[in-house]
Amino acid sequence: MGATMKRALWLLPVLVLGSPSLGRASEGQWHLGGGPAVQRFTGGETAPALQGVGAYEWSDSFDLRLELLGAAPRLEPGALQASVAVGAAYKLDVIEWVPYFGLLLGYYELGSARPAPLAARELGLSIPLGLDYALSRQLVLGLQLRYHAFLSELPQTLGEASLLSAGLRLEGRWGW
């Protein structure tokens, strides 16, 4: 038996034991949380931020999400940046560990600390990629990375003026 086949066989128990049906997610559950984050425009400086999330588990695999992000790239008037985004996330609930990804549509208030060609107010898309760990049924610790692109200059902002954010959060859950 080849080395690749042996590694694949080691994954079999993980896949069986990590079946989504064994997870802690349940339909109708609500989430509310937040925590520290950072954000950075491509080629720019990293800025401290705060993030917030509210979600409703539409099904065992999908969440409807509302995400907030606020940053202070510079300590000067008008430099504060904020966004609010709504969308859905697909999750793979594997007992305590819950990886997910999603697609959100958002409104961005970019302030004066923004790269050209972006305007002070933009519509954009973001793709969250995260991993949650259920400390208990009611309390979750999460890590999330988000890629943001802006609709006004979509081809250009996909690479040159895109925004990345990363954050930790603590989340409460109820209503199962």
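The coordinates are above.
Residues numbered from 1 in each chain as written. Predicted model: local features only at pLDDT ≥ 70, side-chain atom pairs only at ≥ 80, totals over all residues. Heavy atoms only, no water.

*Asks:* Report on the nonpolar core, specifying residues and quantitative values.
*Replies:* Considering soluble globular proteins, one finds that nonpolar side chains tend to be buried as a cluster. Counting six residues, the largest nonpolar core consists of Phe-41, Tyr-108, Leu-110, Leu-118, Phe-150 and Leu-163. Ignoring anything within four residues of it in the chain, the contact list for Leu-110 reads Phe-41, Leu-80, Gln-81, Leu-118, Ala-119, Ala-120, Glu-122 and Phe-150. (Core = buried A, V, L, I, M, F, W, Y, C linked by side-chain atoms within 4.5 Å. Buried < 20%, exposed > 50% of the residue type's maximum accessible area, 1.4 Å probe, protein only. Contact = heavy atoms within 4.5 Å.)

*Asks:* An account of the pattern of salt bridges is needed here, citing residue identities and associated values.
*Replies:* Opposite charge on two side chains lets them pair, provided their charged atoms get close. Within the structure shown, the criterion is met by twelve salt bridges. Arg-74 is paired through a salt bridge with Glu-76; the nearest N and O atoms lie 3.4 Å apart. You can call Glu-76 partly exposed: its relative accessible area is 35%. Here the salt bridges share partners, and the residues they tie into one network are Glu-57, Asp-63, Arg-65, Glu-67, Lys-91, Asp-132, Arg-146, Arg-169, Glu-171 and Arg-173. (Salt bridge = Lys/Arg side-chain N within 4 Å of Asp/Glu carboxyl O.)

*Asks:* Help me get a handle on the sheet that holds strand E4 (residues 81-91), residues and values and all.
*Replies:* Ordered in space as E1-E2-E3-E4-E5-E6-E7-E8, the eight strands form a closed barrel in which the pairing is antiparallel. Here the average twist between neighbouring strands, direction ignored, is 25°. Here strand E3 (residues 62-71) pairs with E4 via ten bridges, running antiparallel. Looking at the pairing, Glu-67 lines up with Ala-85 of E4. (Pairing = 2+ DSSP bridges. Helix = DSSP H or I, 4+ residues; strand = E, 2+ residues; numbered from the N terminus. Axes fitted to C-alpha atoms, helices over the stretch in contact; angles between N-to-C directions.)

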